[in-house]
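If you want the building blocks of each chain, they are given just below.
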Amino acid sequence: MGEFLWKKRGVGLLFASLGLGLYALINGWLFESVDNVKINIFFKSIVGVICFLVPLLTILFSLLVVLGKKTNWSTLLKAGGLYLLSRIFHFLIVLTKNVNDKDFKLDGQLVFKIFVDWNIVAYVGFLIFLFFVFSRMKRFKTSLYDSWFSGFFDLKEEQVLTALFSLFIYLSPEIFSLLKAKFYYLNPLNNIDLIAVDRFTLLDFLNLTLREIFLFLVVVVVASSFVKGINGFSRNHVNWQLAFASSIFLAINANYLIQLSLANYTKIVGYSVLDGASLFQILTLFLIYYLIYLLVNRYIYASSLIIMLTGLLVFSNIEKFGLRGEPVYLTDFTWLKNFKSLISFINGGRIIGMFIVLLLVVGLTIFLQTKFLRGRVFQRKRKRIVLLAASIFCLWLIGDNTRKNPHLKVAVLSDFSKWQDGNILWLGNTPTANMKSLSFVWYRQLFTDPMDEPEGYSQKAVMEIRDRYIKRAEELNQSRKENIGDKTVIFVLSESLANPNRIPQVKLSQNPLPEIDKIKAGTASGLMISHGYGGGTANMEFEGLTGLNLDYFSPTITVVNNEIVPAMRFIPTLSDFFKEKIAIHLENAENYNRRNVYNQMGYNEFITLANSNMLALDVENYGVHPSDASSYNQVIDNLTTDPQFFSLITIQNHSPWVDVDGHITAELAKAGKDVNKTLSNYVNSIAQTDTDTEEFLSQLVDAPKDISVVFYGDHLPGIYPQSAFEKNQNLKYQTDYFIWNNRKGFENGKPIVRTSDFIPELLELLDTKVSPWYALQTDHFDQVPNQQMLGAKGELTADQEKIVSDFKMIQYDLTVGKHYLKKDDSFFQVKK
């Protein structure tokens, strides 16, 4: 090593002076910038002594750069280009950090401040001045290069540029913020902010020093890769450094575009984006992109593939966020199995435009590959395999650190993963994607357990709960006379139905739901708390049919049918008490894995438009989807005189909302013409639902058997901007519900319920006997409010906490636990 440094003494001295100078400079800034930190005088003295060397080290580094044998005006011009590149990176990160800040303004003054760092500009000006002076001292330079220490100036242009680019990157605000974070620790409650430490120990100092050394080495590697990659590109030569540099460059751009596609202009705990989110996602994207280069091993093809995949993701995010207010999740890729339904949600003109762009990109890619950068990126197979394995391991390591208990803990990653989780995760995946990046949400979907294991979970604990609620069911059943299996029950999930008149900023020419409001006034009714905005139908459907509570699953769960159901041994549902059970959804049976789910629930028939054992007949559209009247007719046509259970999901009011017949106008304050037109179309569509629902119930009134209807909207349509809910976020998740019976009127329905409350509420209203499982659900329904019911500062009592604990234990066992409870257990049976 020593011999190498001696032979390359100029290179060693160049980077040693750069590193030591940066170390002294950065530590001086750090100790000055952090408040409330008591730093030992010993550490201050060390830094102080080194700081005296800063001018000397600066001069030394400058001389090595200026007197380098390969340095010329072209070198300094290239250095200027590298400075501009480092500023572009900084510019994109600044934009990303402010995508959710509605007060952020990109004016000329800010752009100038971002692109002009006076410290660096002054230093580069100093270098130019030195070079101008020494370039005219030709005799001095000649004698210098002929002297015994001429080897110190035997520097290649690449080495000079690498050193300067390292300087530009290391002095960026992003690197400084990483180092400054060493002075902080996470609040144990994780609910306020980073808190300054009150003292600085020797261990802290050594830790900081090691962090600086590590970051410096990383920056040098990155800078060297960029310089060599750019040189290769200019010479039409492919090398691994070009792929490395391109991966970073594309990752920084993609990070901005992805987060921009999700911008919703909201802040949480004072942040629009958490510190570290950009670096987290850039690192992830870099590894994925580099993996693509490794797999494809052709620069043009791999670059084109990366650009197309990123473009499709950004486009999909824009489309989905516009429709449902949420980003693309990993589970959404299952829609590729049903591509026809997927593209039906997208405007035809956009699809054609996207297809034309893809064709042009493919054509351009083929042309470029035949003319430029044609060689393989990685020449050695063994090296390629090692890098593949290393990239995959790094991706796994990042994801593993999003777990509650990672296998291999990396402090920076683990700290970021836990930071502000208490304030963010419970809000759902969309705010998490906004605040901590979309890649963070994807990692949590892959690596986070669907549900935390309850404390004390064991077979003994489960059986104790089982025995306790067997007794509780006996108590409840003493006063109940009816059996649910002797009735007919129809669950109606009305797609996107929620009256806009509850949103203050919406002005309506008339109420679009007068009949439903009249029905609600005469029966058990109120508002239902939805888990989604603009989407989440399958989750509401599952929660309503099973009584399981989505609040107790991990907030990373996006589609229960795909992420929870496959692990379940059986699904206890209300339909288990009926011999004849029919599901109806006039769409593709494959959507959200419904065919398999209903089959696992034991349904006799699943009436759909495709991929099912029973296809619907006489279906008419209203707008672009089958009408609610057609959906209701499927129920009427299949009614018999025997007890039955129906699960009906309508589709009429699903996006897109196109022109339909109707005279109701709707206007949202400060919204554009297109938004108000879409809102008016939606309002007239649900007005038709109002008419069809009243007609449907009127047909059930004279049926020769007892029929109950549980009717609810699954979520609000994704039409409204975030500003519509600024004063009351609860409005974003409240829809209409009622429970109606054709033979008697119901009273005392709860004014606000969860979807999981429908089963126990129905059983109470019908005065029917309950199984121990439904006795637990009944106590949960009667006694345990959720956060929206409690309010921001509400707390559960000890008795309520006990019911929640029991509920979680049973839910965990049924879903992702060890399944101690079996399908035929008396816990799920009504004792006769």
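Everything here concerns the structure above.
This section reports on the structure supplied with the text. (Residues numbered from 1 in each chain as written. Predicted model: local features only at pLDDT ≥ 70, side-chain atom pairs only at ≥ 80, totals over all residues. Heavy atoms only, no water.)

## A few points about the overall build of the chain
Counted only if it meets this: Runs of E in the DSSP output that reach at least two residues are strands. Runs of H or I that reach at least four are helices, and both are numbered from the N terminus. By definition, residues are in contact when any of their heavy atoms lie within 4.5 Å. Note on areas: Shrake-Rupley with a 1.4 Å probe; residue coverage comes only from the protein chains shown.
Scanning the chain from terminus to terminus reveals 32 helices and 15 strands. Partitioning the intrachain contacts of the chain with sequence separation of at least 6 by distance along the chain shows that 77% fall at a separation of at least 24. Only carbon and sulfur atoms are counted for the fraction: they give 60% of the accessible area of the chain, which is about 38500 Å².

## Regarding the sheet that holds strand β6 (residues 581-585)
Threshold: A pair of strands is labelled paired if DSSP reports no fewer than 2 bridges between them. All axes here are fitted lines through C-alpha atoms, helices being fitted over the stretch that makes contact, and every angle between N-to-C directions spans 0 to 180 degrees.
Strand order in the open sheet formed by nine strands is β8-β7-β6-β11-β3-β13-β14-β5-β15, with mixed pairing between adjacent strands. Across the chains shown, the open sheet's two edge strands, defined by having one partner strand only, are β8 (614-615) and β15 (752-754). Bridge count for β6 against strand β11 (residues 645-649) is five bridges, and the pairing is parallel. Its bridge partner lying in β11, I582 is registered against F646. Sitting on the sheet, helix α24 (residues 537-546) touches β3 (488-494), β5 (524-529), β11 and β13 (707-713), and the angle it makes with β3 is about 160°. Against the sheet, helix α29 (residues 758-766) makes contact with β3, β5, β13, β14 (734-741) and β15, and its axis sits at roughly 30° relative to β14, the strand it touches most.

## Here's the deal with helix α23 (residues 514-521)
Under the convention used in this document: Relative accessibility decides the category of a residue: with a 1.4 Å probe and only protein chains considered, values under 20% of the type maximum give buried, values over 50% give exposed, and everything between is partly exposed. Throughout, the arc means that of the directions going from the helix axis to the C-beta atoms.
Among all positions of α23, only I516, I519 and K520 are buried. All buried residues of α23 project into a common sector of 100° when viewed along the axis, lining one side. Exposed residues on α23 whose side chains face more than 90 degrees from its buried face are K518 and A521. Looking at the buried positions of α23, the neighbouring elements they touch are β5, α28 (673-701), β13 and β14.

## Some thoughts on the pattern of salt bridges
Short version of the rule: The term salt bridge refers to a side-chain nitrogen of Lys or Arg lying within 4 Å of a carboxyl oxygen of Asp or Glu.
Counted under the stated rule, the structure contains 17 salt bridges. Between E475 and R472 there is a salt bridge, and its shortest N-O distance comes to 3.2 Å. Taken together, the positions of E475 and R472, both in helix α22 (residues 459-477) and three residues apart, correspond to about one turn of that helix. On the basis of relative accessibility, which here comes to 47%, the residue E475 falls in the partly exposed class. Residue E482 pairs with K487 through a salt bridge whose shortest N-O separation is 3.1 Å. Judged by its relative accessible area of 10%, K487 falls in the buried class.

## A look at a positive patch on the surface
Test applied: Patch membership requires more than 30% relative accessible area and the absence of a salt bridge. Residues of like charge join within 9 Å; the nonpolar side chains Val, Leu, Ile, Met, Phe, Trp and Tyr join within 5 Å. Charge counting treats Lys and Arg as positive and Asp and Glu as negative, with His and both chain ends excluded. Here the site of a charge means atom NZ of a Lys, CZ of an Arg, CG of an Asp or CD of a Glu.
Residues K69, K70, K156 and K228 make up a contiguous surface patch of positive charge. Inspection of the secondary structure assignment puts K156 in the loop between α8 (138-146) and α9 (157-170).

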